[in-house]
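In case you want the letters, here they are:
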Amino acid sequence: MTVPGEEQRVASGFIRSYVITGGRELPSADDLSLITLVTVAPGQGLPVRPSPETLAIWELCSGGYLSVAEVSARLELPVGVVRLLLTDLIREGRLLRRAAPPPAQAPDPRLLEKVLHGLQRRFA
C-alpha cells in the first residue's frame, strides 16, 4: 500500500539526483568509501558559481574532516550523488581526502595475559 503523494516524492528524488549530477554516471564505492574523510583544502576558494549542493558541501567541510556518510546524511542526498560531487571537488583540488586508517592488528594474547596477571597481582 502506498501513501498518497509518495510516488511523487520518489519520482522527484530521482529527477533531483539526475539534475544535480548532470546525468553523469555515479562513481563506484571504491573511489570514496563511506568512511573516507574529506575537508576543504587550505588556500582554496569556492568554484565560480557553485551549485547549492557544492556550497553546502563547502560549508560543511570547512569545519574539519567529515566522512562521506556524514556529508550525505547532513545534505539528505543519496551517497552516490554526494560521492560524485565530492570527487569533482577533490579532482579540482578544492577538497582533501584522507582514507580511513588500516584496521588495527589484534594484540598478542600472551601480552594481554601478562597485563592481566600484573593487574591481578597489583589490585587483588
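None of the values given here were measured: they were computed from a predicted structure.

Before going further, it helps to examine the packing of aromatic side chains. Counted by the stated rule, this structure contains zero aromatic pairs. Looking at Arg98, its charged tip hangs above the ring of Tyr65, at a distance of 4.2 Å from the centre.

A few words on the nonpolar core. Across soluble globular proteins, nonpolar side chains show a tendency to be buried alongside one another. Ile57, Cys61, Val71, Leu86 and Leu95 are the most contacted members of the largest nonpolar core, which totals 17 residues. Looking at this core, the elements with two or more residues in it are β1 (37–40), α2 (52–61), α3 (68–75) and α4 (79–91). For this core, the leading source of residues is α4, giving five residues. Beyond its immediate chain neighbours, meaning those up to four positions away, Leu95 contacts Thr39, Val40, Ala41, Ile57, Cys61, Leu86, Leu89 and Ile90.

If you trace the three strands from one edge of the open sheet to the other, you get β2-β1-β3, paired in antiparallel fashion. Two strands in the sheet have a free side with no partner beyond their single neighbour: β2 (66–67) and β3 (95–98). Taken together, the four bridges between β1 and β3 define a ladder with antiparallel strand orientation. Counted as the bridge partner of Val40 is Leu95 from β3. In this fold α2 packs onto β1, β2 and β3, with an angle of close to 95 degrees to the strand it touches most, β1.

The rules behind these values
- Residues numbered from 1 in each chain as written.
- Predicted model: local features only at pLDDT ≥ 70, side-chain atom pairs only at ≥ 80, totals over all residues.
- Heavy atoms only, no water.
- Phe/Tyr/Trp six-rings, centres within 6.5 Å; stacked < 30°, edge-to-face > 60°.
- Lys NZ or Arg CZ within 6 Å of the ring centre and 35° of its normal.
- Core = buried A, V, L, I, M, F, W, Y, C linked by side-chain atoms within 4.5 Å.
- Buried < 20%, exposed > 50% of the residue type's maximum accessible area, 1.4 Å probe, protein only.
- Helix = DSSP H or I, 4+ residues; strand = E, 2+ residues; numbered from the N terminus.
- Contact = heavy atoms within 4.5 Å.
- Pairing = 2+ DSSP bridges.
- Axes fitted to C-alpha atoms, helices over the stretch in contact; angles between N-to-C directions.

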